[in-house]
Amino acid sequence: MRGGEKLQGQVRLEGAKNAVLPILAASLLPQGDTVIRDCPDIRDVHAMAGILQKLGCRCQWEKGVMRIENGGLRHWEMPDELSKQIRSSIFLLGPILGRLRRATVTYPGGCEIGLRPIDLHLKGLRALGVKIVEDGGVIYCDGKNMRSGDVYFDYPSVGATENVMMAAALLPGVTTIHHGAREPEIEDLQNFLNAMGGKVRGAGTQRIEVEGVEKLHGAAYAPIPDRIAAGTLLCAAAVTGGEVELTNIRPWDLIPVTEKLKEMGCSVSEEYGRVLLSAPGRLRAFSCLQTQPHPGFPTDMQAQMLAISCTAEGTSVIVENVFENRLAHVADLCRMGAEIRVSGRTAVVTGVEKLHGMHVTARDLRGGAALVLAALNAQGESVVENAALIDRGYSHLENTLKNLGAQIERIEM
Ligand code: UD1
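Residues numbered from 1 in each chain as written. Predicted model: local features only at pLDDT ≥ 70, side-chain atom pairs only at ≥ 80, totals over all residues. Heavy atoms only, no water.

Moving on, we get to the overall build of the protein chain. Within the protein chain one finds 14 helices and 23 strands. A compact globule built from 413 residues would reach a C-alpha radius of gyration of about 22 Å, and the protein chain, at 21 Å, matches this within 12%. When its C-alpha atoms are laid out on the principal axes, the protein chain stretches across 65 × 45 × 40 Å. A total of 413 residues make up the protein chain; the buried ones form 58% of that total. Summing over all exposed atoms, the protein chain offers an accessible surface of approximately 16,200 Å²; the carbon and sulfur share of this is 47%. Within the protein chain, one finds 44 positive and 48 negative side-chain charges whose respective centroids are separated by 4 Å. (Helix = DSSP H or I, 4+ residues; strand = E, 2+ residues; numbered from the N terminus. Rg over C-alpha atoms; globule rule 2.2 N^0.38 Å. Buried < 20%, exposed > 50% of the residue type's maximum accessible area, 1.4 Å probe, protein only. Areas by Shrake-Rupley, 256 points an atom, 1.4 Å probe, with all protein chains shown as cover. Lys, Arg positive; Asp, Glu negative; His and termini not counted. Charge placed at Lys NZ, Arg CZ, Asp CG, Glu CD.)

This part takes up the environment of Gln10. Among the secondary structure elements, Gln10 is positioned in strand 1 (residues 8-12). Placed 234 residues apart in sequence, Gln10 and Val244 show a C-alpha to C-alpha distance of 5.8 Å. A polar contact of 2.9 Å, which involves the side chain of Gln10, links it to the side chain of Glu245. (Polar contact = N/O pair within 3.5 Å; in protein donor to acceptor, adjacent residues only side chain to side chain.)

This next bit is on the pattern of salt bridges. Counted according to the given criterion, the structure contains 21 salt bridges. Here Asp38 makes a salt bridge to Arg12, at a shortest N to O gap of 3.2 Å. Residue Asp38 is found in the loop between strand 2 (31-36) and helix 2 (43-54), and its partner Arg12 is found in strand 1; the two are separated by 26 residues along the sequence. You can call Arg12 partly exposed: its relative accessible area is 48%. The closest approach of N and O atoms between Arg67 and Asp33, which form a salt bridge, is 3.4 Å. Of the two residues, Arg67 is situated in strand 4 (residues 65-69) and Asp33 in strand 2; the sequence distance between them amounts to 34 residues. (Salt bridge = Lys/Arg side-chain N within 4 Å of Asp/Glu carboxyl O.)

Describing an aromatic ring pair means giving the distance of the ring centres and the angle of the ring planes. Taken as a whole and assessed by the stated rule, the structure comprises 2 aromatic pairs. Seen from their ring centres, Trp252 and Tyr272 are 6.1 Å apart, and the 35° between their planes marks the pair as tilted. Here Trp252 is found in the loop between strand 13 (243-247) and helix 9 (255-263), whereas its partner Tyr272 is found in the loop between strand 14 (267-271) and strand 15 (274-278), with 20 residues between them in sequence. Trp252 sits in the partly exposed class, given a relative accessible area of 43%. (Phe/Tyr/Trp six-rings, centres within 6.5 Å; stacked < 30°, edge-to-face > 60°.)

On to the pairing of strand 11 (residues 207-211), then. Pairing between strand 9 (residues 174-178) and strand 11: 5 bridges, direction antiparallel. Bridging from a neighbouring strand, Ile177 pairs with Ile208 of strand 11. One ladder, built from 3 bridges, connects strand 10 (residues 199-201) with strand 11; its direction is antiparallel. When the sheet's bridge partners are listed, Lys199 is paired in strand 11 with Glu211. Two successive antiparallel strands, strand 10 and strand 11, enclose a turn made up of 5 residues, where Gly202 displays a positive phi of approximately 95°. (Pairing = 2+ DSSP bridges.)

Turning next to the packing of helix 6 (residues 158-168) against helix 7 (residues 184-195). Their axes nearest at 10 Å, the elements helix 6 and helix 7 cross at an angle of 15°. When the axis of helix 6 is compared with that of helix 7, the two are roughly parallel. Two packed elements cross with a definite hand, and for helix 6 against helix 7 that hand is right-handed. Across from Val158, Thr161, Glu162, Met165 and Met166 in helix 6, the residues of helix 7 making contact are Glu185, Ile186, Leu189, Gln190 and Leu193. (Axes fitted to C-alpha atoms, helices over the stretch in contact; angles between N-to-C directions. Parallel < 35°, antiparallel > 145°, perpendicular 65-115°, else oblique. Left-handed = near helix turned anticlockwise from the far one by under 90°. Contact = heavy atoms within 4.5 Å.)

Before going further, it helps to spend a moment on the environment of Thr232. Structurally, Thr232 can be placed in helix 8 (residues 227-239). The buried category is assigned to Thr232, whose relative accessible area is 2%. Along the backbone, Thr232 and Asp300 are 68 residues apart, and their C-alpha atoms lie at a distance of 9.6 Å. Excluding anything up to four places from it in sequence, Thr232 contacts Met301, Gln304, Ala369, Leu373 and Tyr394.

Judged by pairing direction, the sheet is mixed, and its 4 strands sit side by side in the order 16-17-19-18 without closing on themselves. Only two strands of the sheet have a single partner each, and these edge strands are strand 16 (288-290) and strand 18 (339-343). Between one strand axis and the next, the sheet turns by 15° as a mean value, whatever way the strands run. Bridge count between strand 16 and strand 17 (residues 315-319): 3 bridges; the pairing is parallel. Each residue of the ladder has a partner; that of Leu289, found in strand 17, is Ile318. On the sheet, helix 10 (residues 302-309) packs against strand 16, strand 17, strand 18 and strand 19 (346-350) and is oriented at approximately 165° with respect to strand 17.

Set out below in structure tokens:
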């Protein structure tokens, strides 16, 4: 790709990766078929559909609509290879236990952005009476004596909250999750469970109540649009001095990001379902960005903000509080000419006038997107290797950017 083009145009967002994945997992729960609209064509969704099929479901996917028939659900052992590909395989434990009262999974994979333990998932399931034995990287769950109850998380883990919500949906009685995650995707999972006849309330707050029902029925559902894909495209417009309009978007989900972009000198106008960003010739640095669980600044947007701060005027400070190893993109950004100092989880970025094109390598999904953003504004040609990692969460990012005027193409190696 070759930097320097101002991006301009309109993009319609698809369903959010982090909403679709738990929703696909929850599709194991009903007695009946589910239809998920606006399903993004990303690698993690393919991997999740692959796991559902190995478990005995039928997944048909056409023009962004996925139909899941779970009538053949027989297997409680998740396939090793596919589970290692995505971390989201861990929250299949909840729905498989909910339906079959038994589940086995290998330690999950996903991005290399930290230790990513699963202790909170297991703690939550144990609180519902699941007996868990870990042996040689395999987790055996016996749910014969599952019952509803109180689950307290000392950290509001997104995946663990979702896992417990799904495990509890079919348990008699009320399960209360205390100090659960409050991300918009949690609320979306609640809405999906309720669309299938579930009784879940409180998502979006730190106390979620799941009243178990005897059975759930199939449903058609459109997940919320992807706030991280949206934020990434706004950053692309911002870093190139361009103007981009996003549609099918929930502006309130993006407030932490749009507020920072305004601080950097962008003008952002928001109305229902639409956000328009217009960027100045050169961005200004922001004072301090700290990642936090929702409604704080999302860790999934940290790398992209760091990338665009590299050429902003002044000094920006970024603190990554959620994951302990999420600054892998810094080394490549420095090779492109950025001035960044890292100490522990803090990065201090002194804006330079220009970056220069370089051969760089994506190390994780959002870090890979960050390198693409840097390359959009770099002088000369850049190659971002390992683009398959970016495909985990963006559907054909190169086409979206090309349609906005970027000089970018995919090279098959
Ligand atoms: C989800 C998102 C991911 C996002 C993250 C934080 C999906 C599919 N992925 O990941 O894009 O970056 O939320 O917003 O929705 N932790 C533990 N023990 C656990 C679970 C988590 O210590 O049992 C720690 C993690 O290591 C991490 C922090 O808690 O440091 C946040 O993780 P969590 O909220 O669970 O993120 P995920 O659900 O994995």
